[in-house]
Each structure stands twice: as C-alpha cells, then as structure tokens.
Amino acid sequence: MTRIRKIALEEHFMAPGFERYSKSFLQHIDRAVYAELARRLADFDEIRLGEMDRAGIAVTVLSQTGPGVQGEASTSLAIGSAQENNDFLAQQVARHPTRYAGFAALPMQDPKAAATELTRAVRQLGFKGALVNGHTRGRYYDDRAYDEVWDRLQALDVPLYLHPIDFPSAPVSFEGHAELNGATWGWGVETATHALRLLFGGVFDRFPRLKLILGHMGEGLPFQRWRFDSRFAAYPHGLTLQRAPSEYIGRNIVITTSGVCSPAALAGAIAEMGAEAVMFSVDYPYESTAVAADFIEAAPLDERTRALVCHGNAERLLKLDLA
C-alpha cells in the first residue's frame, strides 16, 4: 500500500552502557519482553529501518531512552555520559543520514554544562534539538538557574522535548497502586506538571520563541486549556503572565501523538491547539509502529491537516529538508 510520508520524533535507542540507568524500570518488566525491547533499542539497521519503511516513516529523530543521564547522581559523570551518548548517536545518524536525526542528551545537573553540550550537539553534531527525561533528581527547570539552557535553546532556535520520568517520590495517593506510578498515569501527570511549572514560572515570557515538545497527546494539557484560564484568573496567587495560560499551549508548547492512537483525542487536540501544533510520533519501541501509522492515516482529518501532522510541522520546527 502507498503510505503517507511521516516524521517521528519520540523514538528511542539505548547507548552501550546506559542500561545502568534503567535498572529500576526494567525490574518490573517480564524478561522476555525486556530482551525484545533491548534488541530493538540497540538496533539501527534492520528492525528499525524495516518498520520505518513499512510505515512510511521517512525520518526518525532518535533519543536516549529514559532516564538516561537524568538518573546520574554525579554531575561530572553526567556531563561525560551526555557527551558519550551524543557522540554515539552522531555516529549512528552518520551511517543513515537521510533516515535518522538526533535529539541531544543534556547534563541538566549543571545548567552551564547543559547549555555548552547543547551548543556542541547542534552546531558540531547537527542535532535538531534535545530530549530531556524529566526533572534531574528532583530539580525542576523553572529554577532560574536553567535560564541559561532556555536562552541557548532559543538562540539556537531548536526545541526541547520534555519526556516522562518517575516522580521524585511517589504521591501518597499512589500508595498500594504501583500501576499508577508509571506509564499508565504517573509519568503523564508528572510531565504535565513540569510543563505547567515552566508556564506559570514565566519561562515562556522570558523566552517567547522557545518551543517545548510534549508527547502522548500533550500529557492531557490540551484538554484543560479553558480551565487553566478560568481558574488562574480566579486564583492567581500573586502571579502574573503576559498571556492567558491557554495561549502558551499551542504557541510555545507543541505536542506529538506518541502512544495515543485515539482519533477523538487527536481531533480534540487539534481543535484546542491548532493543526500546526500537533506532530506524529510512535514512541518506539514501546508502542507499535504499524498501529501508529495506521491510526494517523485513517484518522478523520482533511489532507492538508494530515500532511501537517504527519510531516509538515516537524519539517518546519526541526528545519528538515526532505525534498
């Protein structure tokens, strides 16, 4: 069958040795499932490219699977690990330069080092931005110390993809329900909360051209835009913003469809944010490439909107020339 051309932005790999950061996650996975995930995370030639071809994915933007360097306790080791990751990824992209692009890992333990590594990754390695696996050991990026990173992202005109991670400590409301603390619910809540910290912390007022990408259909934020405006107006707690909260969601915060293959959710997100704020993704290898591709091609969209979501928005945001 003829496929619609696609770009996928939340697609993961595992650099050699980075398994050490994923032990707490992997201990909850069946061994056979883990073995298959590990095989796919380490593959750059056969499995991944074959699935891309069958799904019509022209370019995949690769990023280190979580928690990556955000799980490193030592700042100096985090800096070295981020450089190691990015050099390894650059080698894989160079082997398939028309099919792969890269998002940098950043050592957010040290904002200055993170800004420096971002600059190297973009200017020297040709990466299209960065993906950070959530907070760094409980430190959130609305902290003014991270303005150096936000300033560099804006100056380089590249986005940051904010990917889920565990809560620093599980909320009391999750006690006795481990299933709530991960991908089913907790990761999305934690990531959405982090994004709102950035919004209400004034990051987008200080850096108005900044672009933050959220996966999983925006971690639920698009569907609460009206309520954010209503309740913030009623209870501002002394905060002021240059815009209504809803205006940042779609303007500064853009989303991907990764891991949410729901036509109704897609239609709602586009209705809330606009067609130019939503991009296709799979969440490989944790979700099915075939299911994601079939979903976006069958979704009830006009062809202009489908082209924007499948590839046009990513081409513009990441400055990809696929002609």
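Residues numbered from 1 in each chain as written. Predicted model: local features only at pLDDT ≥ 70, side-chain atom pairs only at ≥ 80, totals over all residues. Heavy atoms only, no water.

Peer 1: Which parts of the structure should I look at to understand the overall build of the chain?
Peer 2: From N to C terminus, the chain includes 13 helices and 8 strands. Its C-alpha atoms give the chain a radius of gyration of 19 Å, within 12% of the compact-globule value 20 Å for 323 residues. When its C-alpha atoms are laid out on the principal axes, the chain stretches across 55 × 50 × 45 Å. A total of 323 residues make up the chain; the buried ones form 56% of that total. (Helix = DSSP H or I, 4+ residues; strand = E, 2+ residues; numbered from the N terminus. Rg over C-alpha atoms; globule rule 2.2 N^0.38 Å. Buried < 20%, exposed > 50% of the residue type's maximum accessible area, 1.4 Å probe, protein only.)

Peer 1: Hey, could you run me through the pairing of strand E7 (residues 253-256) in this one?
Peer 2: Going residue by residue along E7, you find Ile253 and Ile255 tucked away on one face and Val254 and Thr256 tucked away on the opposite face as well. Two elements, E7 and strand E8 (residues 278-279), share 2 bridges in a ladder whose sense is parallel. Bridge assignment links Ile255 to a residue of E8, and that residue is Val278. With helix H11 (residues 263-273) bridging E7 and the parallel E8, this β-α-β connection has right-handed handedness. (Pairing = 2+ DSSP bridges. Right-handed = clockwise from strand over helix to strand, strands pointing away.)

Peer 1: Sorry, what's going on with the pattern of salt bridges here?
Peer 2: Close approach of charged atoms allows side chains with opposite charge to pair. All chains considered together, the criterion is met by 20 salt bridges. With a closest N to O distance of 2.6 Å, Arg95 and Asp45 form a salt bridge. One end of the pair, Arg95, is in helix H4 (residues 75-95); the other, Asp45, is in the loop between helix H2 (31-42) and helix H3 (47-55), and 50 residues separate them in sequence. The class for Arg95 is partly exposed, based on a relative accessible area of 42%. Three or more residues are tied together by salt bridges with common partners; here these are Arg3, Lys6, Asp294 and Glu297. (Salt bridge = Lys/Arg side-chain N within 4 Å of Asp/Glu carboxyl O.)

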